Amino acid sequence: MGPEISDASVRVLEATGVAFEWDVQQAGENVMAEYGTPLPDHVLESIRRTKIALKGPITTPVGTGFRSVNVAIRQELELYACVRPVRAYPGARNLRDDLDFVVIRENSEDIYIGIEFEKGSPECQQVLEEVSSLAHKRIRPDSGLSIKPISVFGSERIVQYAFDYARQYGRQKVTLVHKANIMKHTDGLYLAVGREVARRNPDIQFEDRIVDNMCMQLVLRPSEYDVLVCPNLYGDIISDLGAGMIGGLGLAPGANIGTDGAVFEATHGSAPKYTGQNRVNPMALMLSGVLMLRHLQETEAADALERAIADVIREGKAVTYDMKVDRSDPTSVGTSQVADALVEKLRAGA
Ligand code: NAD
């Protein structure tokens, strides 16, 4: 359903009055026959050129040997920071209405680097023996192994980004999330580097939390948190926890930021079972568009679009099935009708 929510989002972004010049590029399963790859070079080139992309979700073709197009875009463009705001809009199926924090996830290292050894393979055996002897600890021979690298460079870059983000968006505090009590040489390093970066950014408060405690705190006392900066895996989990707290994937926006470009996309995937049905919620991508407008310093347009979305959610009329208490509620509307309602609001407010 990528094209459906993308069309709806482009319509509302245009209705803000910002003069966009779109360079529309197709990627994913439907371009494979023509280009032999779901991510043709010209798509990456376009993003490198414009430095900004609003991206619909892309299905990862299964069984074709292609890795995730989404991960490939992040890696190719070195988009090292994933930003996921968790903001409750009254009227959505929120856990509570006072949620407003931002999860910043390191996107380039940690367990996601993809160095793994399959149980029983000769390579795994070799690494097991080597590691056992170096660490003086026995590892069961029927184990698989995944390697978790966390570097000084990667930690410094993401924590500094979190401070810069906090400063730019008027946020007061950065909380560094870790499990340094167990993983001293990865999470421990992340924490030590984070503390050093905090010393260089004294205008913003800083604290750290162990990841399990962090999850509990977010449910019990979320208003005490502002910007969370997490290594890749914890960021992945906590941002989904956040999405659940604000009524699900249909409302969870995201941004992938690098030194040389930024890609704005919803947290959710392409929900293939709903393709072509004008059914899914376009608001997560639209809210990603709001993040894009803020990144472009089109603050007035960003505020207007976010306000229009908040109004539509509060009124509860032009919303898709996933935002209803009863998902089979016959009063829910389709993807394009959400865009119609927002365009009308933006025009009325203009
Ligand atoms: P998904 O997010 O596409 O869908 C899971 C379920 O969540 C859907 O069946 C639907 O019930 C619900 N949902 C998701 N988005 C919704 C929306 N906007 N409105 C209403 N309901 C919504 O996850 P999946 O089924 O695991 O993945 C499907 C495909 O998407 C896979 O090929 C996967 O690789 C890809 N994917 C892409 C991205 C991306 O482009 N960044 C992210 C995640 C998954």
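For the chain, the helix and strand inventory stands at 12 helices and 10 strands. In terms of C-alpha radius of gyration, the chain reaches 21 Å, essentially the compact-globule figure of 20 Å for 350 residues. Dimensions of the chain, computed from C-alpha atoms along their principal axes, come out at roughly 70 × 50 × 40 Å. Classification of the 350 residues of the chain by burial places 51% in the buried group.

With that out of the way, let us pick up the nonpolar core. In terms of nonpolar packing, the biggest core is built from 60 residues, with I104, V229, M283 and I309 touching the most fellow members. Per element, the largest residue contribution to this core is 8 residues, and it comes from helix α11 (residues 299-315). With residues up to four places along the chain from it excluded, the contact list for I104 reads C82, V83, I158, Y161, A162, Y165, V227, L228, V229 and C230.

The phi angle at E78 is positive, at roughly 55°, despite the residue not being glycine. On the secondary structure map, E78 appears in the loop between α4 (69-76) and β2 (81-87).

A few words now on helix α10 (residues 283-295). Taking 1.5 Å of rise per residue, the 13 residues of α10 would be expected to cover 18 Å, and the 18 Å separating its terminal C-alpha atoms lies within 8% of that figure. In terms of residue burial, α10 counts as a mostly covered element, since 12 of its 13 residues are buried. Two residues or fewer past α10, Q297 is found with a positive phi of approximately 60°.

In the structure shown here, the tally under the stated rule is 29 salt bridges. R171 is paired through a salt bridge with D100; the nearest N and O atoms lie 2.7 Å apart. You can see R171 sitting in the loop between α6 (152-168) and β6 (173-178) and its partner D100 sitting in strand β3 (residues 100-106), a full 71 residues away along the chain. For D100, a relative accessible area of 33% corresponds to the partly exposed category.

To continue, consider the site of the ligand. Around the ligand lies a shell of 22 residues, among which T60, N70, G269, A271 and N281 are the nearest. The backbone of A271 places a nitrogen or oxygen atom 2.7 Å from an oxygen atom of the ligand. Burial of the ligand by the protein chains amounts to 71% of its free accessible area of 810 Å². Counted by class, the shell around the ligand contains 9 nonpolar, 8 polar and 5 charged residues.

Right, let's get into a positive patch on the surface. Together, R93, K273, R279 and R327 line one region of the surface with positive charge. The exposed category is assigned to K273, whose relative accessible area is 65%.

Turning next to helix α1 (residues 2-15). An ideal rise of 1.5 Å per residue puts 20 Å on 14 residues; α1 measures up with 20 Å between its terminal C-alpha atoms. Looking only at α1, the buried set comprises G2, E4, I5, A8, S9, V12, L13 and A15. Just downstream of α1 lies G17, where phi reads positive at about 95°.

Procedures and definitions
Residues numbered from 1 in each chain as written. Predicted model: local features only at pLDDT ≥ 70, side-chain atom pairs only at ≥ 80, totals over all residues. Heavy atoms only, no water. Helix = DSSP H or I, 4+ residues; strand = E, 2+ residues; numbered from the N terminus. Rg over C-alpha atoms; globule rule 2.2 N^0.38 Å. Buried < 20%, exposed > 50% of the residue type's maximum accessible area, 1.4 Å probe, protein only. Core = buried A, V, L, I, M, F, W, Y, C linked by side-chain atoms within 4.5 Å. Contact = heavy atoms within 4.5 Å. Expected span 1.5 Å × (residues − 1). Salt bridge = Lys/Arg side-chain N within 4 Å of Asp/Glu carboxyl O. Near = heavy atom within 4 Å. Polar contact = N/O pair within 3.5 Å; in protein donor to acceptor, adjacent residues only side chain to side chain. Areas by Shrake-Rupley, 256 points an atom, 1.4 Å probe, with all protein chains shown as cover. Nonpolar A, V, L, I, M, F, W, Y, C, P; charged D, E, K, R; others polar. Patch = residues over 30% accessible without salt bridge, like charges linked within 9 Å, V, L, I, M, F, W, Y side chains within 5 Å. Lys, Arg positive; Asp, Glu negative; His and termini not counted. Charge placed at Lys NZ, Arg CZ, Asp CG, Glu CD.

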